[in-house]
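# Breakdown of the fold
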Amino acid sequence: MSKVASLSIENGIAIIEVNNPPVNTITAQVRDDLNSVLDDLEKAGNYQAVVFLCAGKTYFSGADINEFSGPPKEEEYRKLFARLENQDVPVITAMYGTVMGGGLEIALACHYRLAESKARFGFPEVTLGIFPGAGGTQRMPRIIGVEKTLEMVVSARPVDATTAKEMGFVDGIVEGDIKQAAIDYANQLIAEGAKVRPTSKMTVDPATGTDEIIEKFVAQAKKLYPGRQAALSAIDVVKASMTKSFEDGLLYEDKLVNIAKETPESKGAIHLFFAERQTAKVPGLADNVEKMDIKKAAIIGAGTMGGGIAMCFANAGIPATLIDVSQEGLDRGIERIKGDYGSRVKRGRMTQEKADATIALIDGATDMSAVSDADVVIEAVFEDMSLKQSIFKELDAKAKPGAILATNTSTLDINEIASVTGRPDKVIGLHFFSPANVMPLLEVVRTDSTSDSTIASAMNLAKTLRKTPVLAKVCYGFIGNRMMEGYAREAEFMALEGATPKKVDDALQKFGMAMGILAVFDMAGVDVGVNVHKANAEQFPPDPAYYQASQAIYDAGRMGQKNGKGFYLYKPGDRQRYEDPEALEILRKRAEELGIEQRNDHTEEEIIERCVYALINDGIKILEEGIALRASDIDVVWGAGYGFARFRGGPLYYADTIGLKTVYDGIMKYQAKFGDMHWQPASLLEKLAKEGKTLAQWEAEQA
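Residue positions are given per chain, counting from 1 as you read along its sequence in written order. In keeping with the predicted nature of the model, local features appear solely for residues at pLDDT of at least 70, side-chain atom pairs appear and are counted solely at 80 or more, and the whole-chain, interface and lining totals rest on all residues. Heavy atoms from the whole structure form the basis of all side-chain values; hydrogens and water molecules are not counted.

We now examine the overall build of the protein. Only runs of H or I of at least four residues qualify as helices and only runs of E of at least two qualify as strands under DSSP, and these elements are numbered from the N terminus. Along its length, the protein carries 29 helices and 21 strands. At 28 Å, the protein has a C-alpha radius of gyration in line with the 27 Å of a compact globule built from 703 residues. Projected onto the principal axes, the alpha-carbon positions of the protein cover approximately 85 × 60 × 55 Å. Every one of the 703 residues in the protein was classed for burial, and the buried ones make up 56%. Residues are treated as being in contact if the distance between any of their heavy atoms lies within 4.5 Å. Looking at the protein alone, contacts between residues at least 24 apart form 73% of all its contacts between residues at least 6 apart. Computed by Shrake-Rupley with a 1.4 Å probe, the accessible areas treat only the displayed protein chains as cover when residues are assessed. In the structure as shown, the protein presents an accessible area of about 29700 Å², 50% of it carried by carbon and sulfur atoms. Measuring between centres, the 80 positive side-chain charges of the protein sit 2 Å from its 99 negative side-chain charges. Note that the radius of gyration is over C-alpha atoms, with the globule rule given as 2.2 Å times the number of residues to the power 0.38. Summary of the burial criterion: residues with accessible area below 20% of their type's maximum are buried, those above 50% are exposed, and those between are partly exposed, where the area comes from a 1.4 Å probe applied to protein chains only. Charge counting follows a simple rule: Lys and Arg are positive, Asp and Glu are negative, and His as well as the terminal groups are ignored. Charge positions are represented by NZ for Lys, CZ for Arg, CG for Asp and CD for Glu.

This is how it looks when you write it as structure tokens:
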């Protein structure tokens, strides 16, 4: 195995360089090779400073997450970092790219830190149910204080180089050849007689970690991560940097981070982390299959979704033409896009120059002939099959040969859409999630005729657009929206049975959903769901109460947030939702019409079980039918697109966690209570529950 770390001594400066592609993860080999290099350095002795660098596209991106499930490695990190920190000459490191987690922690063990202007730094660990475990909770407070450290650790948001310098853990910002800049800085320090700056010898300013400051971050952690422990443990360990010695602080960090690694919170989040990186792998798709180079896009429909999709391309540097049937609709769409970028500039998220350059990549047209030079055309109009088919007939005639024709439909049969074209092999579903320019998920839906080249091109395009693609086959609602049916169905039934929308939504949010489903309907527009169910009535069971809570709210003229009233009441200029007696009375009357008995004894347990077990059951059906490639793909769809609790790992991972027999028994309990029209266990669920197996075991057997 070739070495990934090298040592050279030039004009009295020792240069240590690591090159471990693709992103310089701090693997076991990196640690071993660095220790070997430090051994050689100690023998050399003829140097006045050390320059510590990485080669490749980024500085150390972090620790090796593959090691999280194995024996603790923190002691290895502590010993290695101490060897850097205990050098008796200045150690200068120069950072660039994405410096996260362990990558930032190794930099903190150096005495001086330079950063390239575009570098970004962060401690994202709490999103994985852990916290910095290689000294970050003890070194960073000694450099910048407790409050600033907790700002990074608890929020998990990265900061740019300018902010890093202002916070105090970056000494200088450099441009150009970063290696030469580090060498020049080393020579400057030597000339100035600069001393070593071991972080371990520093103390923490107690004024940066007062009780008031700690309480602020505890409240923030509880709000950001309800029901989770990692951020609270991180606060505890960072706080300890004020009272414990450096060595004792490291041991305390070690103890708590290894406890965190064993929690369901961490295991679920790490499952999703790897699952998201697995989705792009398509079994049976050859590595050398031809992929179209997407240089120009066209989007049909200048509404919120179409505009968001256009922004996705522009953000990726790809020109996009937004096409609408009317100039008025087009102008409105373009203004909405400009307003979004303008808001980013105001919030400091983007420079005006960058915003102007990005907006310039989007042009508009009202003539469908504008698709003629596009490599991919994405239709994003209303969920109406005849409308979409008429558009695809026109696109087939006007798009250039070989262009990919994609639909953003969320429910309709893409085989039927493809059938009206002369290029069904080039037709695919690209289901973006709203807002399209923000949400990371992209459902890529292959038809019976979609070619391997088109699939590969679409998956590659998702990467270019910085989306997480999940490949699915055609069925009603594909993966996400098909699973939504049972989940939301039970929430609606309970709202008719007498549980208030707030009671239902609060239970789901306590479970870990980003929003309760009835609040989601209000946000998306109650009319949207009602219209989808009307258009697809043949897909649903013959139950007169099916989705009648939404229908009753809609019939009363309540559309949700867009007109200030839906399942909840909304006040002008206030994003809060309020319980509304009028809505409760509307639901009560519809229940009475349907002969549904009212009760007010729904427990949190019942609400969660009915919604989540229905969701899991539909997910297992999708897996069994081959609509999804993997159980983990289903977890990604719900984790990235529907706000399912990431710390629970996704619905199917969660099912394995609590046991498939638990889910099966729950479904049979509700079948006995409500009948089998809606409570019919997936045959695979029944089989595995009776065999005492998990979905993970079943998938391994299939492989």
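Next comes the rest of the account.
Two strands qualify as a pair provided that DSSP identifies no fewer than 2 bridges between them. The strand order across the open sheet built from 6 strands is S1-S2-S4-S6-S8-S11, with neighbouring strands paired in mixed fashion. Two strands lie at the open edges of the sheet, namely strand S1 (5-10) and strand S11 (172-174), each paired on one side alone. Mean inter-strand twist for the sheet, computed between neighbouring axes without regard to direction, equals 25 degrees. Of the strand pairs in this sheet, strand S6 (residues 91-95) and strand S8 (residues 112-116) are connected by 4 bridges, and their pairing is parallel. Whenever a helix is involved, its axis is fitted only over the stretch in contact; in every case the axis is a line through C-alpha atoms, and angles between N-to-C directions fall within 0 to 180 degrees.

A few words on the pairing of S1. Relative to strand S2 (residues 13-18), S1 runs antiparallel, the two being bridged by 6 bridges. Bridge pairing in S2 places Ile9 opposite Ala14. Here S1 folds back onto S2 in antiparallel fashion, the turn holding 2 residues, of which Asn11 has a positive phi close to 50 degrees.

Moving on to the nonpolar core. The term nonpolar core refers to a set of buried residues drawn from Ala, Val, Leu, Ile, Met, Phe, Trp, Tyr and Cys, joined through side-chain atoms within 4.5 Å. Counting 91 residues, the largest nonpolar core has Phe52, Tyr59, Phe121 and Phe169 as its most contacted members. Sort the elements by how many residues they give to this core and helix H7 (residues 178-192) lands first, with 7 residues. When near neighbours in sequence (up to four residues on either side) are disregarded, Phe52 contacts Ile16, Val18, Leu34, Tyr59, Phe60, Leu84, Ile92, Thr93, Ala94, Ile106 and Cys110. Counting residues in hydrophobic clusters, the runner-up holds 80 residues, among them Ile479, Leu518, Ala552 and Ala682.

Taken together, the 3 strands give an open sheet; going across it, the order is S7-S9-S10, and neighbouring strands pair in mixed fashion. This sheet does not close on itself; its edge strands, each paired only once, are strand S7 (98-100) and strand S10 (159-160). Pairing geometry for S7 and strand S9 (residues 120-122), over 3 bridges, is parallel. Bridging from a neighbouring strand, Val99 pairs with Phe121 of S9.

Side chains on a regular strand alternate between the two faces of the sheet. Among the 5 residues in S8, 5 count as buried, and that is most of the element. Residues of S8 alternate between two faces, with Tyr112, Leu114 and Glu116 on one and Arg113 and Ala115 on the opposite face, all of them buried.

It is worth spelling out unusual backbone geometry at this point. A negative phi angle characterises most non-glycine residues, just as the trans form characterises most peptide bonds. With an omega dihedral of 10 degrees, the bond running from Pro21 to Pro22 counts as a cis peptide bond. Residue position: Pro22 is located in the loop between S2 and strand S3 (25-26). For the bond from Ser434 to Pro435, the omega torsion is -5 degrees, close enough to zero to count as cis. Residue position: Pro435 is located in the loop between strand S17 (427-432) and strand S18 (441-446).

Now for the environment of Asn288. Checked against the element boundaries, Asn288 lands in the loop between helix H11 (264-278) and strand S12 (297-300). A C-alpha to C-alpha distance of 41 Å links Asn288 and Ala689, two positions 401 residues apart in sequence.

The next subject is the pattern of salt bridges. Any carboxyl oxygen of Asp or Glu that lies within 4 Å of a side-chain nitrogen of Lys or Arg is treated as forming a salt bridge with it. Inspection of every chain in the model, using the stated rule, returns 48 salt bridges. A salt bridge links Glu383 to Lys388, with the nearest nitrogen and oxygen atoms 3.5 Å apart. Assessed through its relative accessible area of 25%, Glu383 is described here as partly exposed. A residue is classified by how much of its surface remains accessible, and Lys388, at 1% relative accessible area, is buried. One salt bridge connects Glu490 with Arg610, and the closest N-O pair in it is separated by 2.9 Å. Placement of the pair is Glu490 in helix H18 (residues 480-497) and Arg610 in helix H24 (residues 604-625), with a sequence separation of 120 residues. Residues joined by salt bridges that share partners form a network here, namely Arg489, Glu490, Glu497, Arg599, Asp601, Glu606 and Arg610.

That's the geometry; what it means functionally is another story.
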